[in-house]
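# Coordinates in review
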Amino acid sequence: MKNTINPNPLKRKRDRDFMNVCRRIIRNNDGPLRAADVAVAAAREPAPEFYVSFGQACKKLGDLRRRGPAAIGKRNVAMYLDINSRVEELQRKRGCSLSDGIAIVLAEGKAPRFYLTEKSAVFLYSILRSRSRKERQATHRHRPLPRQGK
């Protein structure tokens, strides 16, 4: 992951939401915290959404249902399993199609966590803190007054 602004709007939103959860954890804690502890705690908190596109979710859930968890790989398998279980529940209760179920689950949001490993959470938090610090410095930098004529 480069220390640049992520061009993917879902990941930008995830980053913003993750940082907001980190800030909330810091605000609600009385004592000193290590950055790693903040990041790991934030990664375990519920996320406002799943941060996956409808098309990607359809593809991954189709693969999951046809060939099992190994078909979608290790990365984010837990997220797709959670989405799938919610979709299956909707299909049982409402009799909706796979694509309608996915659309409902993604629209409702409320993921149980951010689906980041501890290592990824710590790395992401350090990148976001660094970026935030640089942005603050850029906007609060002292600018010299214009020179007056001699």
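Provided above is the structure to which this section pertains.
Here is a short report on the structure shown in this document.

What follows is about the packing of helix α3 (residues 54-67) against helix α4 (residues 77-94). Where α3 meets α4, the closest approach of the two axes is 10 Å, and the angle between their N-to-C directions is 85 degrees. As the angle between them shows, α3 and α4 are arranged roughly perpendicular. Between α3, through Q56, A57, K60, L61, L64 and R65, and α4, the contact on the second element is made entirely by Y80, L81, I83, N84, V87, E88 and Q91. Residues that form the contact of α3 with α4 fall into these classes: seven nonpolar, three polar and three charged.

A few words now on the environment of R94. Along the polypeptide, R94 turns up in helix α4. Relative accessible area serves as the criterion here: at 54%, R94 is assigned to the exposed category. The residues touching R94, leaving out its near neighbours within four places in the chain, are I104 and E108.

Turning our eyes to something else, we now look at the packing of aromatic side chains. Counting across every chain of the model gives three aromatic pairs. Here the aromatic rings of F18 and F114 are separated by 5.5 Å at their centres, their planes lie at 85 degrees, and the arrangement is edge-to-face. With F18 in helix α1 (residues 9-27) and F114 in the loop between α5 (98-108) and α6 (118-139), this residue pair connects regions lying 96 residues apart in the sequence. Ring centres of Y51 and F114 lie 6.2 Å apart, and the angle between their planes is 10 degrees; on these two criteria the pair is classed as stacked. A residue pair is termed long-range when its members are at least 10 positions apart, and Y51 in the loop between α2 (35-44) and α3 and F114 in the loop between α5 and α6 qualify at 63 residues.

For the structure shown, the criterion picks out 10 salt bridges. Between K13 and D17 there is a salt bridge, and its shortest N-O distance comes to 3.2 Å. Pair noted here: K13 and D17 are both in helix α1, with a separation of four residues, about one helical turn. Salt-bridge contacts for R67 lead to D63; the nearest nitrogen and oxygen are separated by 3.9 Å. Within this pair, R67 and its partner D63 are both found in helix α3, separated by four residues, close to a single helical turn. If you follow the salt bridges from partner to partner, you end up with K59, D63, R66 and R67 in one network.

Rules of the game
Residues numbered from 1 in each chain as written. Predicted model: local features only at pLDDT ≥ 70, side-chain atom pairs only at ≥ 80, totals over all residues. Heavy atoms only, no water. Axes fitted to C-alpha atoms, helices over the stretch in contact; angles between N-to-C directions. Helix = DSSP H or I, 4+ residues; strand = E, 2+ residues; numbered from the N terminus. Parallel < 35°, antiparallel > 145°, perpendicular 65-115°, else oblique. Contact = heavy atoms within 4.5 Å. Nonpolar A, V, L, I, M, F, W, Y, C, P; charged D, E, K, R; others polar. Buried < 20%, exposed > 50% of the residue type's maximum accessible area, 1.4 Å probe, protein only. Phe/Tyr/Trp six-rings, centres within 6.5 Å; stacked < 30°, edge-to-face > 60°. Salt bridge = Lys/Arg side-chain N within 4 Å of Asp/Glu carboxyl O.

So, to be careful, I would describe these as geometric facts and stop short of saying anything about function.
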